[in-house]
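Chain by chain, the residues run as shown.
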Amino acid sequence: MQRRRTRWDTLQQGYATQLLALDAGTHSPDDQGRRTLGELAAERNRIALARPRRPTWIGDRFAGVEARVWAEYRVDLSFGWTRLWLVLPDETRAECATARAAFDAAGGLAGWGVLYLLLGFWWWPAAVIAPTLIVLAWRRGRQTAAAFSELIESVVDVHGGDLAARLVVADGQQPLDSTVGARITARTRKDA
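Since the structure is predicted, the reported quantities are computational estimates derived from the model, not experimental observations.

**Q** Got a sec to walk through the pattern of salt bridges? Specific residues and values, please.
**A** Evaluated as defined, the whole model comprises six salt bridges. The salt bridge partner of Glu-43 is Arg-7, with a shortest N-O separation of 2.3 Å. Placement of Glu-43 in helix H2 (residues 31-47) and of Arg-7 in helix H1 (residues 2-24) is noted, with a sequence separation of 36 residues between them. Accessibility expressed as a relative area gives 29% for Glu-43, which makes it partly exposed. Across the pair Arg-189 and Asp-76 runs a salt bridge, and its minimum N-O distance is 2.8 Å. Separated by 113 residues along the polypeptide, Arg-189 in helix H7 (residues 178-189) and Asp-76 in the loop between helix H3 (57-73) and helix H4 (77-87) bring together distant segments of the chain. Judged by its relative accessible area of 29%, Arg-189 falls in the partly exposed class.

Structure below.
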């Protein structure tokens, strides 16, 4: 984890430096400058969307959503997600359920890979199948975790204002921002 964190920090520093240079006009905001900024962001985001805090890439993908939502809106998802789920339209809930099922299926595939690996001690064909299942599960796990975490963040972006209105912490259709998000967090935490 420390290696990933160090690499992420280096890329984040390069990104911040490039962004400041573009903002300050040190470099012209030409296509090359924007392209470099985009490349730095993409390389950093391949490691994690926020500073790595978990021992695995998948764990960081989900932790990154919490960190990004907190940084942007001051909404604590560990308290707010259940309430947000209750105000989501059925189509959005179905999308989330589908994404979660795909992620769970990748975990199930990993479990089968481990079982085949154990069976491989007694039956050699299982030892050949096991690594294939484990690698496939790893790849699917990463893909589905990325898709599911992006969907969660998108749900907050799109429906966070609905939650604020339902909790009566914002007037009408006020967009979700850090002030409204802090009110959501205060309401959902209940001083916990």
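From this point on, the discussion continues.
**Q** Before we move on, could you go through a nonpolar patch on the surface and cite the residues and values that matter?
**A** On the surface, Trp-112, Val-114, Leu-115, Leu-117, Leu-118, Leu-119, Phe-121, Trp-122, Trp-123 and Ile-134 cluster together to form a nonpolar patch covering roughly 1100 Å² of accessible area. No other element matches the six residues that helix H5 (residues 90-119) contributes to the nonpolar patch. Within the secondary structure, Ile-134 sits in helix H6 (residues 124-166).

**Q** Can you explain the packing of aromatic side chains? Please cite residues and give values.
**A** Working definition: an aromatic ring pair is given by the centre-to-centre distance plus the angle between the planes. All chains considered together, the criterion is met by five aromatic pairs. Their ring planes at 70 degrees and their centres at 5.4 Å tell us that Phe-62 and Phe-103 sit as a pair that is edge-to-face. Here Phe-62, found in helix H3, pairs with Phe-103, found in helix H5; they are 41 residues apart in sequence, far enough to count as distant. When the ring of Phe-121 is compared with that of Trp-122, the centres are 6.4 Å apart and the planes differ by 80 degrees; the resulting orientation is edge-to-face. Side by side, Phe-121 and Trp-122 carry an identical accessibility label, which is exposed.

**Q** Which residues make up the side chain of Asp-76, and what values do they have?
**A** A residue is classified by how much of its surface remains accessible, and Asp-76, at 12% relative accessible area, is buried. At 2.6 Å, the side chain of Asp-76 forms a polar contact with the side chain of Ser-78. Filtering out sequence-adjacent residues up to four positions away, Asp-76 remains in contact with Trp-70, Thr-185 and Arg-189.

**Q** Explain the packing of H3 against H7 to me, and be specific about the residues and the numbers.
**A** Relative to each other, H3 and H7 sit at 120 degrees, their axes nearing to 7 Å. On the basis of their axis angle, the class for H3 and H7 is oblique. Residue-level inspection shows Trp-70, Glu-72 and Tyr-73 of H3 in contact with H7, the latter providing Ser-178, Gly-181, Ala-182, Thr-185 and Arg-189. Its residues placed into classes, the contact of H3 with H7 shows three nonpolar, three polar and two charged.

**Q** Could you give an account of H4, with specific residues and numbers?
**A** All buried positions along H4 are accounted for by Leu-77, Gly-80, Leu-84 and Val-87. Axial view of H4: buried residues confined to an arc of 80 degrees, hence all on one face. Among the exposed residues of H4, those pointing more than 90 degrees away from its buried face are Ser-78, Thr-82 and Leu-86. Lining the buried residues of H4 we find H3, H6 and H7.

Cut-offs applied
- All residue numbers refer to position in the chain's written sequence, counted from 1.
- Residue-level local features of this predicted model are given only where pLDDT is at least 70; pairs of side-chain atoms are given and counted only at 80 or more, and the full residue set underlies all totals for whole chains, interfaces and linings.
- Just so you know, side-chain values use all the structure's heavy atoms and leave hydrogens and water out.
- For this document, the term salt bridge refers to a Lys or Arg side-chain nitrogen within 4 Å of an Asp or Glu carboxyl oxygen.
- We count a stretch as a helix when DSSP gives it H or I for four or more residues in a row; a strand needs E for two or more, and each element gets its number in order from the N terminus.
- Burial classes follow relative accessibility: with a 1.4 Å probe on protein chains only, a residue under 20% of its type's maximum area counts as buried, one over 50% as exposed, and anything between as partly exposed.
- Patch members must show over 30% relative accessible area and no salt bridge, and they are joined within 9 Å when carrying like charges or within 5 Å when they are nonpolar side chains of Val, Leu, Ile, Met, Phe, Trp or Tyr.
- With residues, only the protein chains shown are counted as cover, and all accessible areas are computed by Shrake-Rupley using a 1.4 Å probe.
- Two aromatic rings from Phe, Tyr or Trp, using only the six-membered ring of Trp, form a pair when their centres are within 6.5 Å; if the ring planes differ by under 30 degrees the pair is stacked, by over 60 it is edge-to-face, and anything between is tilted.
- The term polar contact refers here to a pair of N or O atoms within 3.5 Å; inside protein, the definition further demands a hydrogen-donor-capable atom paired with an acceptor-capable atom, and it admits residues adjacent in sequence only when both atoms are side-chain atoms.
- Between two residues, a contact is recorded if the distance between any of their heavy atoms is within 4.5 Å.
- Where helices are involved, their axes are fitted lines through C-alpha atoms of the stretch in contact, as for all axes, and angles between N-to-C directions lie from 0 to 180°.
- An angle below 35 degrees is read as roughly parallel, one above 145 as roughly antiparallel, one from 65 to 115 as roughly perpendicular, and any other as oblique.
- In this classification, Asp, Glu, Lys and Arg are treated as charged, Ala, Val, Leu, Ile, Met, Phe, Trp, Tyr, Cys and Pro as nonpolar, and every other residue, Gly included, as polar.
- Throughout, the arc means the angular range of directions from the helix axis out to the C-beta atoms.

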